[in-house]
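An overview of the molecular structure
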Amino acid sequence: MKITNAYVNITSPGRNFVTLKIETDEGIHGLGDGTLNGRELSVASYLTEHVIPCIIGRDPFQTEDIWQYLYRGAYWRRGPVTMAAIAAVDVALWDIKGKALNTPVYNLLGGKSREGILVYAHANGKDIDHALEDVARHKEMGFKAIRVQSGIPGLATTYGISKGPGRYEPAERGLPSEYEWSSELYLRHVSKLFAQVREVFGDELHLLHDCHHRLTPIEAGRLGKELEPFHLFWMEDPTPAELQEGYKIIREHTTTPIAVGEVFNSIWDAHDLIRNQWIDYLRMTLVHGGGFTHLKKAADFADLYHVRTGFHGATDLSPVTMAAALHFDTAIHNFGIQELMPHTDETDAVFPHQYSFKDGLMVPGDAPGLGVELDESLAAKYPYQRAYLPVNRKLDGTLTDW
Ligand code: GCO
Ligand code: MG
């Protein structure tokens with residue numbers, strides 16, 4: 001089999017998505033996601049200008065060789081744009097392999113290791129009472145694991161909180177908006193939130209929380225310690241992770257489990273975190289971490305150190321990544337949990353898919369390949385719209401991590 005054609009589709013059914021379609025001489029095609037929130041057009045151009053010309057004529061079954069060719073062959077390594085582009089190719093090729101062999105992709109990755117994928121939902125509210133209502137709503141929907149975020153007294157708005165009645169969507173149309181941030185106000189508030197959640201809902205629910213890279217290591221150590229009585233499933237991205245040994249300080253101060261990695265794009269971003277056992281869950285996911293070929297190696301390495309996966313699954317990862325993640329989660333041994341932030345109905349219509357949710361668990365479906373398609377004529381009705389993630393400033397105006 002040979003790759004005969006490939007092209008990028010950009011669509012915005014509520015938010016922007018970059019999708020790569022690869023076609024072959026046997027009439028089988030595959031899809032890969034290359035969406036990088038707020039930087040979509042760079043991945044599209046990287047694919048169109050530099051990657052697609054290099055893969056035409058190659059055998060789509062040679063996923064390892066093509067991955068190495070695109071990674072080593074560029075000379076310039078890693079980085080979110082490069083790795084998202086490589087991921088788009090890699091995932092599309094595994095989709096083709098599955099379709100050609102008439103089997104779901106999970107069978108090519110090790111077969112079924114479990115019957116269902118534990119997913120966590122997002123509950124949020126402008127204050128603790130509204131957050132509690134949203135937890136109740138998600139519990140009612142069947143979720144067994146729920147991430148809880150709430151507005152912080154003294155701050156106008158913050159990460160993870162819907163601005164209006166609609167759902168929370170991190171990217172906003174136009175140029176970046178500016179939010180204000182105070183770690184002091186945040187730290188005063190979070191343990192009160194979780195004390196109430198446990199009081200109302202008891203011990204059974206798995207609870208998660210995202211610090212979204214805003215604390216220093218010692219502040220994160222303090223927060224983790226304060227949250228210990230509430231037995232969180234994890235505390236996410238407590239501090240930026242460029243300095244991997246920062247996590248040593250957190251680990252030395254708390255037994256609250258730690259998840260990190262949604263902005264990672266290579267195992268080298270997590271190498272020290274894993275081999276020193278400073279983290280419990282790796283969030284680097286297929287679209288930003290180079291696809292199945294690289295993530296399988298990263299997950300196997302993590303397994304040796306008792307680190308499990310907890311893939312990023314926000315709305316900016318397209319249904320192609322959601323499908324791919326569910327195949328991966330089904331097959332690997334050290335799966336931990338999968339994030340689920342449901343897409344809008346418009347997005348689901350543009351990407352018809354086989355995966356489904358029931359009683360707190362998801363399954364990828366048994367269609368050959370990934371079990372997700374792109375309705376290109378519907379996609380054409382939603383042209384790209386510029387949208388960015390917000391930026392954060394401390395109360396004195398200093399720019400800080402969002
Ligand atoms: C999460 C993430 C997202 C990111 C978003 C950025 O845990 O789901 O933190 O909400 O902010 O994916 O593009
Ligand atoms: Mg996060």
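Report on the accompanying structure.

Thresholds, definitions, all that
Here the residue index of a chain counts from 1 through its sequence in written order. Whichever chain is written first is A, and whichever ligand is written first is 1; the rest continue in order. Only residues with pLDDT of at least 70 get local features here, since the model is predicted, and only at 80 or more are side-chain atom pairs given and counted; chain-wide, interface and lining totals rely on the full set of residues. Note that water and hydrogens are dropped before the side-chain values are worked out from all heavy atoms of the structure. Note on definitions. A residue lies near a molecule or strand when any single heavy atom of the residue is within 4 Å of it. In protein, a polar contact requires one atom able to donate a hydrogen and another able to accept it; more generally it is a pair of N or O atoms within 3.5 Å, and residues adjacent in sequence count only if both atoms are side-chain atoms. A 1.4 Å probe and the Shrake-Rupley method give the accessible areas. Residues count as covered only by the protein chains that appear here. All amino acids are sorted into three groups, where Ala, Val, Leu, Ile, Met, Phe, Trp, Tyr, Cys and Pro are nonpolar, Asp, Glu, Lys and Arg are charged, and the leftover types, Gly among them, are polar. Here a cavity is any set of points on a 1 Å grid over the protein atoms alone where a 1.4 Å probe fits but cannot get out, and a pocket is any open set with protein on both sides within 12 Å along at least 5 of 7 lines; a residue lines the site when it has an atom within 4 Å of a point. Grid points are joined across faces, edges and corners, and a volume is the space filled by probe spheres set on the points. Under the DSSP-based scheme used, a helix requires at least four consecutive residues in state H or I and a strand at least two consecutive residues in state E, with every element numbered from the N terminus. Here the limits of each domain have been adopted from an automatic or database domain assignment. Only C-alpha atoms enter the line fits that serve as axes; for helices the fit covers just the stretch in contact. Angles between N-to-C directions range over 0 to 180 degrees. These descriptions rest on fixed angle ranges, namely under 35 degrees for roughly parallel, over 145 for roughly antiparallel, 65 to 115 for roughly perpendicular, and the rest for oblique. Working rule for handedness: look at the near helix, and if it is turned counterclockwise from the far one by less than a right angle, call the crossing left-handed; if clockwise, right-handed. Between two residues, a contact is recorded if the distance between any of their heavy atoms is within 4.5 Å. Residue burial is assigned from relative accessible area. The probe radius is 1.4 Å, only protein chains are included, and a residue is buried under 20% of its type maximum, exposed over 50%, and partly exposed in between. Following DSSP output, two strands are said to pair if at least two bridges run between them. Coordinating donors are taken to be N, O and S atoms lying within 2.8 Å of the metal, or within 3.2 Å when the metal is Na, K or Ca; because water is excluded from the atom set, some sites may appear incomplete. Throughout, the arc means the angular range of directions from the helix axis out to the C-beta atoms. Each reported salt bridge corresponds to a side-chain nitrogen of Lys or Arg within 4 Å of a carboxyl oxygen of Asp or Glu.

**As for the site of ligand 1**
Around ligand 1 there are 16 residues in total, and Y159, H212, E262, D316 and E339 lie nearest to it. A distance of 2.8 Å separates an oxygen atom of ligand 1 from a polar atom in the side chain of N37. One of the side-chain nitrogen or oxygen atoms of D210 is found 3.0 Å away from an oxygen atom of ligand 1. When ligand 1 sits alone it has 340 Å² of accessible area, and the protein chains cover 95% of it. Among the residues making up the shell around ligand 1, the classes are represented as five nonpolar, four polar and seven charged.

**Observations concerning the layout of surface pockets**
The space that makes up the largest pocket amounts to roughly 1100 Å³. Together, 42 residues line the largest pocket, and H212, H213, V263, L389 and W402 are the ones closest to its centre. If you list the elements that add at least two residues to the lining of the largest pocket, you get strand 17 (391-394) and strand 18 (399-400). Within the lining of the largest pocket, the residues separate by chemical class into 19 nonpolar, 11 polar and 12 charged. Taken domain by domain, the makeup of the lining of the largest pocket includes at least three residues from each of domain 1 (3-104) and domain 2 (108-368). By volume, the second largest pocket amounts to about 930 Å³. Lining the second largest pocket are 43 residues, and of these H122, N124, R137, R167 and Y168 sit closest to its centre. Listing elements by their share of the lining of the second largest pocket, those giving two or more residues are strand 4 (117-125), helix 4 (128-140), helix 11 (345-350) and strand 14 (356-358). With five residues, helix 4 is the single largest residue contributor to the lining of the second largest pocket. For the lining of the second largest pocket, the residue count by class is 16 nonpolar, 18 polar and nine charged.

**Concerning the packing of helix 5 (residues 183-201) against helix 6 (residues 217-227)**
Contact pair helix 5 / helix 6: the axes reach a minimum separation of 9 Å and the direction vectors enclose 15°. With respect to each other, helix 5 and helix 6 are oriented roughly parallel. Helix-helix and strand crossings are classified by hand; for helix 5 and helix 6 the assignment is right-handed. Contacts between helix 5 and helix 6 pair S183, Y186, L187, R188, V190, S191 and F194 from the former with E219, R222, L223, E226 and L227 from the latter. Here the residues of the contact of helix 5 with helix 6 are counted per class, giving six nonpolar, two polar and four charged.

**What about the side chain of N37?**
Mapped onto the elements, N37 comes out in the loop between strand 3 (29-33) and helix 1 (40-55). Judged by its relative accessible area of 13%, N37 falls in the buried class. In contact with N37, not counting residues within four places along its chain, are R15, A171, D316 and L389.

**Some details on the sheet that holds strand 18**
Sheets are built from strands that pair by backbone hydrogen bonding, the pairs being arranged parallel or antiparallel. Taking strand neighbours across the sheet as the criterion, the three strands line up as 7-17-18 in an open arrangement whose pairing is mixed. The sheet terminates laterally at strand 7 (178-181) and strand 18, the two strands that pair on one side only. The sheet contact formed by strand 7 and strand 17 spans four bridges and is parallel. Directly across from E180, in strand 17, lies its bridge partner R393.

**Quick look at the pairing of strand 3**
Each regular strand displays side chains that alternate between the two surfaces of the sheet. Among the five residues in strand 3, four count as buried, and that is most of the element. The pairing of strand 2 (residues 17-24) with strand 3 spans five bridges and is classified as antiparallel. Note on strand 3: the bridge partner recorded for I22 is G30. Between strand 2 and strand 3, which follow one another and run antiparallel, lie four residues, and G27 among them has a positive phi close to 80°.

**As for the coordination of the magnesium ion (ligand 2)**
Ideal values for angles at a metal depend on the geometry: 109.5 degrees with four tetrahedral donors, 90 or 180 degrees with six octahedral donors. Within the protein, the magnesium ion (ligand 2) binds to D210 (OD), E236 (OE) and E262 (OE); these donor distances fall in the range 1.9 to 2.2 Å. Donor residues binding the magnesium ion (ligand 2) come from one chain and are separated in sequence as D-x25-E-x25-E. With D210 in strand 8 (residues 206-210) and E236 in strand 9 (residues 234-236), the pair connects residues that are 26 residues apart, well separated along the chain.

**Section: the sheet that holds strand 1 (residues 3-11)**
Pairing in this open sheet of three strands is antiparallel, and the strands run 1-2-3 from one edge to the other. Two strands in the sheet have a free side with no partner beyond their single neighbour: strand 1 and strand 3. Strand after strand, the sheet turns through a mean of 20° between neighbouring axes, direction not considered. Each of strand 1, strand 2 and strand 3 touches helix 3 (residues 80-101); the most contacted strand, strand 3, lies at about 145° to it.

**Considering helix 6**
Turning to helix 6, its buried residues number three or more, namely A220, G221, L223, G224 and L227. Taken end-on, helix 6 shows its buried residues confined to a sector of 165°, consistent with a single buried face. Residues of helix 6 that are buried make contact with helix 5, strand 9 and helix 7 (246-253).

**Observations concerning the pattern of salt bridges**
Per the stated rule, a full pass over the model turns up 19 salt bridges. Close ionic contact of K21 with E376 constitutes a salt bridge, the shortest N to O distance being 2.9 Å. Note that K21 is positioned in strand 2 and E376 in helix 12 (residues 376-379), a separation of 355 residues in sequence. Between R78 and D269 there is a salt bridge, with the nearest N and O atoms lying 2.9 Å from each other. Highlighted residues: R78 in the loop between helix 2 (63-72) and helix 3 and D269 in the loop between strand 10 (258-260) and helix 8 (271-275), separated in sequence by 191 residues. Take R78: its relative accessible area is 30%, and that puts it in the partly exposed class. Given the relative accessible area of 17%, D269 is considered buried. Shared partners join several salt bridges into a network, and the residues in it are E236, E262, R283 and E339.

Read these as geometric descriptors, not functional statements.
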